[in-house]
Amino acid sequence: MITETELKLQLPPDGVSRLQRQPLLKSLSVSRSVTCRFYSIYYDTPDMDLRHGGLAFRLRRIGRHWFQTIKGGGAAAAGLHQRSEFEAEVLKAHPDFTKITDPSLARLFAPGALREQLQPVFITDFHRTTRLLRFPDGGEVEFCLDRGKIIAGSRDTPVCEIELELRAGSISALFKFALDLLSDVSFRLESVSKAERGYALATGNWSPSMKAVPVQLRAEMSASEAFLAIVWNCVSHLHGNETGMLQGRDIEHLHQMRVGLRRLRSSMGMFSQVYPEISSGPLVHELKWLSGMLSSARDWDVFVTEVLAQVDACFPGHPGMEELKDRCEGRRRHFNREACSAVESQRYTELMLRLGRCACTGDWSESFPSEADRSTNLKPETPVKEFATALLERRRRQLGKYGKKLVSLDETELHALRIVIKKHRYAAEFFASAYPHKNKKTKQYIQSLSEIQDILGAMNDAANVERLLGEVSSENDGKKLCEAIGIMLGWSARPLGDKEHFMNAWKGFIEAEPFW
């Protein structure tokens, strides 16, 4: 079994001719382009057991030959897909399980119910134009342009994408070439495979929004290695929700993109002692821009679907509420369109390519140019546990200072506390796996932070009500609408007085024993 590493780029149909005239592509080519038809049949059980297990099983015809391929595992982020692949030629268009020689796959496809239930689910049928590229540093990439469609029953969806498969050299070369290409050819990074698109077409069910998964750190890692793992985890979280966000399937996709972005920005703040240049640079500026574009959309999502919906349920049929809902929904759609436009922009694609390149290579020098003085900062080779212990202890002490004046905190101070709590929680989650023998303490500690964050988050949502209502109200509003706005303002004041729950949660945090 081999590991396939490729960068997938989604190309608009009108971009093909521009791509084919691209001088960069011609200058790097060391072979003539060859076009073949790729006809693939994907198999699974009626319950989609392979899909749920993260596997794809296909038969592909290229010319007169059939190939049986099993793909699985790995990850995808910033357009980079890394998956294990097992392939063997078969004699005809029918699964041949005797060709599966990998021990783990052979056990999975051993004689039994799984074999007997496999059936065709969808088809991909496209023409692939392939050429070999060689870069100045000796790296080689197979450039593939795929044009065709995915077919499931009577439904189909077009395919127009570029695959850059690494043959030799560093992953960085894939990202550099894509960045160079982006200056002349518009494209978006593809976060889902053809198989995932095929399953969605066949079943009508896309994968749900992706929540953050635990970062896997080892105690023997250095701070720089840990930073690399954390950044890659955050980029995967961010990019994994992109397709669902753009398709408007569920507001949770946008929410999870924003969470992934916050986690990423927070991690850069944590490691500024190791890489002082991170605190000021083009990537940081671009991440802040993206955060602003997503934040307004998320604020209106929460207000309309949670806050306004809750109050409206108590006043069914109120004419002022109906008008207020219409206005707020229009505002929500506006900011969601703005967020989608940002994510579809070339600016966003360039940001993700630069992030992906840094996350894969660990070379931050190009993206964070600086002459910052490192003499007073931690070295990149500092052991991760030493780095994490000092960081977590320092942030816990920072929170302790708030504890002395909790009762007297005003709205602004509570908002600041919420941000500090959130950053401390992210740090605890990032570094939890570096302390594998303290799982119980770790869970209790993170849970205590989550409870405070949830309470402060509800307070913040309520505090946002007046600001958001100000965006949809005017001096010429009618009596009923003004009455509805008054109801909303009255409701929003209620959670701000709920301090008892907050104090109990704070006590739980103080009593939670640090796990580091």
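Q: Hey, could you go over the overall build of the protein chain for me, with residue numbers and the actual values?
A: Of the regular secondary structure elements, the protein chain holds 18 helices and nine strands. Along the longest, intermediate and shortest principal axes, the C-alpha atoms of the protein chain span 75 × 60 × 55 Å. A total of 516 residues make up the protein chain; the buried ones form 50% of that total. Put simply, of all contacts in the protein chain between residues at least 6 apart along the chain, 75% involve residues at least 24 apart. Total accessible area computed for the protein chain in this model is approximately 24400 Å², and 50% of it derives from carbon and sulfur atoms. For the protein chain, the distance from the average site of its 70 positive side-chain charges to the average site of its 66 negative ones is 2 Å.

Q: A description of the packing of helix α14 (residues 384-403) against helix α15 (residues 411-431) should follow, citing residues and the corresponding values.
A: In the contact formed by α14 and α15, the axes pass within 10 Å of each other and the chain directions differ by 160°. Looking at the two axes, α14 sits roughly antiparallel to α15. In terms of crossing hand, the pair formed by α14 and α15 is left-handed. Across the interface between the two elements, V384, F387, A388, L391, L392, R395, R396, Q398, L399 and Y402 from α14 touch E413, A416, L417, V420, I421, K423, H424, A427, A428 and F431 from α15. Among the residues making up the contact of α14 with α15, the classes are represented as 14 nonpolar, two polar and four charged.

Q: Kindly report on helix α11 (residues 282-312), identifying the contributing residues and their values.
A: Between its first and last C-alpha, α11 extends 44 Å over 31 residues, near the 45 Å set by a 1.5 Å rise per residue. The largest bend in α11 amounts to roughly 35° and is located at F303.

Q: Tell me about the nonpolar core, and name the residues and values.
A: Of all hydrophobic cores here, the largest spans 127 residues; its most connected members are F271, F303, L324, L417, F431 and M488. The greatest single-element share of this core, amounting to 13 residues, is contributed by α11. Once residues within four sequence positions are removed from consideration, L324 is found in contact with L308, L469, V472, L481, A484, I485 and M488. Core analysis: the second largest hydrophobic core is formed by 29 residues, Y39, V90, A152 and Y199 among them.

Q: Account for the confidence of the model for the protein chain, naming residues and giving values.
A: Summary statistics for the protein chain give a mean pLDDT of 89 and a share of 95% for residues scoring 70 or more. The low-confidence segment residues 369-376, where pLDDT is below 50, has nine contacts with residues more than four positions distant or belonging to other chains.

Q: Provide a residue-level description of unusual backbone geometry, including the pertinent values.
A: Phi angles above zero are rare outside glycine, and M48 is one such case at about 60°. Its location among the elements puts M48 in the loop between β2 (34-44) and α3 (49-52). With relative accessibility at 15%, the residue M48 sits in the buried group.

Q: Lay out the packing of aromatic side chains in plain terms, naming residues and giving numbers.
A: What the rule picks out here adds up to 21 aromatic pairs. The ring of W289 carries R347 above its face, with NZ or CZ at 4.1 Å from the centroid.

Q: Please set out the pattern of salt bridges residue by residue, giving values where relevant.
A: The full count for this structure, using the stated rule, is 32 salt bridges. D477 serves as the salt-bridge partner of R327, at 2.9 Å between the closest nitrogen and oxygen. Taken as a pair, R327 in helix α12 (residues 319-343) and D477 in the loop between α16 (439-472) and α17 (479-493) lie far apart in primary sequence, 150 residues in all. Each of E6, K8, R128, D146, E161, E163 and K194 takes part in a single network of salt bridges with overlapping partners.

Q: Please provide a residue-by-residue account of the packing of α12 against α16, values included.
A: For the pair α12 and α16, the least separation of the axes is 10 Å and the interaxial angle reads 95°. In terms of orientation, α12 and α16 fall into the roughly perpendicular class. Note on element contacts: α16 touches α12 through L469, E471 and V472, opposite L324, R327, C328, R331 and F335. Of the residues assigned to the contact of α12 with α16, the class counts are five nonpolar, no polar and three charged.

Q: Tell me about helix α6 (residues 172-182), and name the residues and values.
A: The buried fraction of α6 is high, at nine of eleven residues. Inspection of α6 places S172, A173, L174, F175, F177, A178, L179, L181 and L182 among the buried residues, and these make up the whole buried set.

Q: Account for the environment of G153, with residues named and values stated.
A: Mapped onto the elements of the fold, G153 is located in the loop between β7 (140-152) and β8 (155-168). According to the relative accessible area criterion, G153 is exposed, its value standing at 71%. It is 24 Å that separates the C-alpha atoms of G153 and G248, two residues lying 95 residues apart in sequence.

Q: Pulling in residues and values, what's your account of the pairing of β2?
A: Bridge count for β2 against strand β6 (residues 119-134) is eleven bridges, and the pairing is antiparallel. The residue of β6 that forms the bridge with R37 is H127. Pairing of β2 with strand β3 (residues 55-62), which is carried by six bridges, proceeds in the antiparallel orientation. The residue bridging I41 from the neighbouring strand is L59, located in β3.

Q: Give me the lowdown on the side chain of S295, citing residues and values where you can.
A: Position of S295 relative to the elements: it lies in helix α11. Relative accessible area serves as the criterion here: at 17%, S295 is assigned to the buried category. A polar contact of 2.7 Å, which involves the side chain of S295, links it to the backbone oxygen of S291.

Q: Break down the state of the cysteines for me, with residues and values.
A: This model, assessed by the stated rule, comprises zero disulfides. Residue C234 stays outside any disulfide, its sulfur separated by 14 Å from that of C358, the closest cysteine. Free cysteine C482: the closest other cysteine sulfur is in C328, separated by 13 Å. Overall, C482 belongs to the partly exposed group, its relative accessible area being 41%.

Q: An account of the side chain of R395 is needed here, citing residue identities and associated values.
A: Relative to the elements of secondary structure, R395 occurs in helix α14. Summary of buried charges: R395 has no salt-bridge partner, and the nearest side chain of opposite charge, E429, is 11 Å away.

Q: Can you lay out the pairing of β3 for me, pointing to particular residues and giving the numbers?
A: For β3, the buried fraction is high: six of the eight residues fall into the buried class. Taking the residues between adjacent antiparallel strands as the criterion, β3 and strand β4 (residues 65-77) are bridged by two residues, where G63 takes a positive phi near 65°.

Q: Any chance you could break down a positive patch on the surface for me, citing the residues and the numbers?
A: There is a patch of like positive charges on the surface, built from R394, R397, K401 and K404. Along the chain, the position of K401 falls in helix α14.

Conventions and cut-offs
Residues numbered from 1 in each chain as written. Predicted model: local features only at pLDDT ≥ 70, side-chain atom pairs only at ≥ 80, totals over all residues. Heavy atoms only, no water. Helix = DSSP H or I, 4+ residues; strand = E, 2+ residues; numbered from the N terminus. Buried < 20%, exposed > 50% of the residue type's maximum accessible area, 1.4 Å probe, protein only. Contact = heavy atoms within 4.5 Å. Areas by Shrake-Rupley, 256 points an atom, 1.4 Å probe, with all protein chains shown as cover. Lys, Arg positive; Asp, Glu negative; His and termini not counted. Charge placed at Lys NZ, Arg CZ, Asp CG, Glu CD. Axes fitted to C-alpha atoms, helices over the stretch in contact; angles between N-to-C directions. Parallel < 35°, antiparallel > 145°, perpendicular 65-115°, else oblique. Left-handed = near helix turned anticlockwise from the far one by under 90°. Nonpolar A, V, L, I, M, F, W, Y, C, P; charged D, E, K, R; others polar. Expected span 1.5 Å × (residues − 1). Bend = angle between axes of the 7 residues up to and from the residue. Core = buried A, V, L, I, M, F, W, Y, C linked by side-chain atoms within 4.5 Å. pLDDT = per-residue confidence, 0-100. Phe/Tyr/Trp six-rings, centres within 6.5 Å; stacked < 30°, edge-to-face > 60°. Lys NZ or Arg CZ within 6 Å of the ring centre and 35° of its normal. Salt bridge = Lys/Arg side-chain N within 4 Å of Asp/Glu carboxyl O. Pairing = 2+ DSSP bridges. Polar contact = N/O pair within 3.5 Å; in protein donor to acceptor, adjacent residues only side chain to side chain. Disulfide = S-S within 2.5 Å. Patch = residues over 30% accessible without salt bridge, like charges linked within 9 Å, V, L, I, M, F, W, Y side chains within 5 Å.

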